[in-house]
Amino acid sequence: MRISEIVKNLKPSATIAAAAKAKELKATGVTVYEFTLGEPDFNTPDHICAAAKEAMDAGHTHYTPATGIPELKKAVAAAYKRDYNLDYEPAQVVISNGAKHSIHNVLTTLCQPGDEVIIPTPYWVSYSALVELCGAKPVLVPTTQESGFCLSPEQFANAITDNTRLMMLNNPCNPTGAAYPVETLEGLAKVAVEKQVPVLSDEIYEKLVYPGSEFRSFASFGQDVKDLTIIVSGVSKAYAMTGWRIGWTLAPADVTKGMSNLQSQQTSNPCSISQYAAVEALNGPQDCIPEMLAKFTERREYVLKRLRAIEGLSFADPGGAFYAFFDVSSYFGKPLQGGRTVDNSLDFCSALLEEAHVALVAGDDFGAPGYVRLSFATSMDIIEAGLDRLEAFLKP
Ligand SMILES: *Cc1c(COP(=O)(O)O)cnc(C)c1O
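Residues numbered from 1 in each chain as written. Predicted model: local features only at pLDDT ≥ 70, side-chain atom pairs only at ≥ 80, totals over all residues. Heavy atoms only, no water.

1. Re the side chain of Ser236
Note on placement: Ser236 falls in the loop between strand S7 (229-234) and strand S8 (247-250). Residue classification places Ser236 among the buried positions, given a relative accessible area of 7%. Residue contacts for Ser236: discarding those within four places in its chain leaves Pro40, Met241, Thr242, Arg245 and Ile246. (Helix = DSSP H or I, 4+ residues; strand = E, 2+ residues; numbered from the N terminus. Buried < 20%, exposed > 50% of the residue type's maximum accessible area, 1.4 Å probe, protein only. Contact = heavy atoms within 4.5 Å.)

2. A closer look at the site of the ligand
All residues adjacent to the ligand are Gly98, Ala99, Lys100, Trp124, Asn170, Asn174, Asp202, Ile204, Tyr205, Ser236, Lys237 and Arg245. Interatomic distance of 2.7 Å between a side-chain N/O atom of Tyr205 and an oxygen atom of the ligand. Take Ser236: an N or O atom from its side chain is 2.7 Å from an oxygen atom of the ligand. Because more than half of its atoms lie within 2 Å of the grid, the ligand is assigned to the largest pocket. Across the shell around the ligand, the residue classes break down as four nonpolar, four polar and four charged. (Near = heavy atom within 4 Å. Polar contact = N/O pair within 3.5 Å; in protein donor to acceptor, adjacent residues only side chain to side chain. 1 Å grid on protein atoms, 1.4 Å probe; cavity = no way out; pocket = protein on both sides within 12 Å on 5 of 7 lines; lining within 4 Å. Sits in = over half its atoms within 2 Å of the grid points. Nonpolar A, V, L, I, M, F, W, Y, C, P; charged D, E, K, R; others polar.)

3. Description of the layout of surface pockets
Volume-wise, the largest pocket comes out at about 580 Å³. What lines the largest pocket is a set of 26 residues, among which Gly38, Lys100, Trp124, Lys237 and Thr242 lie closest to the centre. Where the lining of the largest pocket is concerned, the elements lending two or more residues are helix H2 (14-27) and helix H5 (99-110). Taken together, the residues that form the lining of the largest pocket break down as 10 nonpolar, 10 polar and six charged. Of the domains in this structure, domain 1 (5-43 + 288-394) and domain 2 (47-283) are the two that each give at least three residues to the lining of the largest pocket. (Points joined across faces, edges and corners; volume = space filled by probe spheres on them. Domains from an automatic or database assignment.)

4. Observations concerning the environment of Glu384
Structurally, Glu384 is set in helix H14 (residues 380-394). Owing to a relative accessible area of 36%, Glu384 belongs among the partly exposed residues under this scheme. Between the C-alpha atom of Glu384 and that of Gln265, which follows or precedes it by 119 residues, the distance is 48 Å. Among residues more than four places away in sequence, those in contact with Glu384 are Tyr302 and Arg306.

5. A word on helix H10 (residues 253-266)
Here H10 is 14 residues long and its end C-alpha atoms lie 20 Å apart, about the 20 Å a rise of 1.5 Å per residue gives. Those residues of H10 lying buried are Val255, Thr256, Met259 and Gln263. All buried residues of H10 fall inside an arc of 95° around its axis, so they share one side. Facing away from the buried side of H10, by more than 90 degrees, are the exposed residues Ala253, Asp254, Lys257 and Gln265. Buried-residue contacts for H10 involve strand S2 (93-96), H5, S7 and S8. Following H10 by one or two positions, Ser268 adopts a phi angle in the positive range, close to 55°. (Expected span 1.5 Å × (residues − 1). Arc of directions from axis to C-beta.)

6. Section: the sheet that holds strand S9 (residues 314-315)
The strand order across the open sheet formed by four strands is S9-S10-S13-S12, and the pairing between neighbours is antiparallel. With partners counted over all chains shown, the strands left at the sheet margins are S9 and strand S12 (361-362), one partner each. When S12 meets strand S13 (residues 371-375), the two strands line up antiparallel, connected through two bridges. Within S13, the residue paired with Ala362 across the bridge is Val372. (Pairing = 2+ DSSP bridges.)

7. Things to note about the side chain of Thr164
Secondary-structure assignment places Thr164 in strand S5 (residues 164-170). Under the relative-accessibility criterion, Thr164 is labelled buried at 8%. Only 2.8 Å separates the side chain of Thr164 from the backbone nitrogen of Thr161, close enough to count as a polar contact. Look past the residues within four positions of Thr164 in its chain and what remains in contact with it is Glu116, Ile118, Ala159 and Val197.

8. Description of a nonpolar patch on the surface
There is a patch of nonpolar side chains on the surface, built from Ile3, Ile6, Val7 and Leu10 and spanning about 300 Å² of accessible area. Judged by its relative accessible area of 37%, Ile6 is partly exposed. (Patch = residues over 30% accessible without salt bridge, like charges linked within 9 Å, V, L, I, M, F, W, Y side chains within 5 Å. Areas by Shrake-Rupley, 256 points an atom, 1.4 Å probe, with all protein chains shown as cover. Salt bridge = Lys/Arg side-chain N within 4 Å of Asp/Glu carboxyl O.)

The following block contains the structure:
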């Protein structure tokens, strides 16, 4: 059959492809040290699972309103008041099938062919693909390691044209771990207001911020900024609920209305049972967050210490999320384990997987050739053994 041009040009998600390659090797009986995963390795806390079981028993197994149950919208609005002192009406909330779906809703609602969307790079693999799906044009603006991979207000201002429809900010960032300093966010917010450019602020890693960094929601810099901000977040990362597929947007009323019509035609409601679980995640005890964060903090410190000790690797310390993103280009053209030589990150990752059975994701698809991403959302045992093997691979 003829496949549409727009879908023909879609690439499969690079992180999912890298994980598939590691799985293939694992299936042959090899122990693989897996660092490709973009999800917490913890199970969903028990009290949240219990709420899902209760929802099933209570018969909450039917369609819900397309944009979510009122209890969950209320819980989302209350959580932003509690955690960030932000005032949102439940009517400004759309519950979707994960934050990725929320991003697609925002882009479809705001963008049309000819529009430009500013994306700082390195960026999450799906951003540019989803922009292209709407027929709009991703405008990639490279950030540097020296800046901690943060877009500067000047860079933002310079990228704006008459066709700019949106800027996509990811704070803290996947893949770089960049946690934007408050002054930089303030500067970006000022540009957004001056030029009246809406900002999609993907804040899915809001709860995973390490000592020395601070999280501030983009909507918290004044009413004029909030009026231009669409917050995207969800329960996947903060509550280890990736499989439940619950994300949301907090947006001005007109955008919310558009997304709500879109979602009602496209998918109807997100899973009813997952919505009840998400209510418990937001309203129930919050100690699971610091507990998981403590584990991530310990792993992060260990990973950074090990990476610093390896000559020729360079990186900016991640202030949030659970990734180390480092430059391996000084090893290109040099002999590695097994007599291998490589000249790009994709080949680097293939050789590392084949020789040392360590799986990382190449930076190329994040818009950062020369870099690789290591997810430390895995056990300390695997991290220790995997880093030993990475070290041996680099110093044969
Ligand atoms: C994981 C992730 C998401 C999406 O999460 P969902 O599981 O779809 O809620 C969105 N943005 C970034 C940057 C992510 O890493």
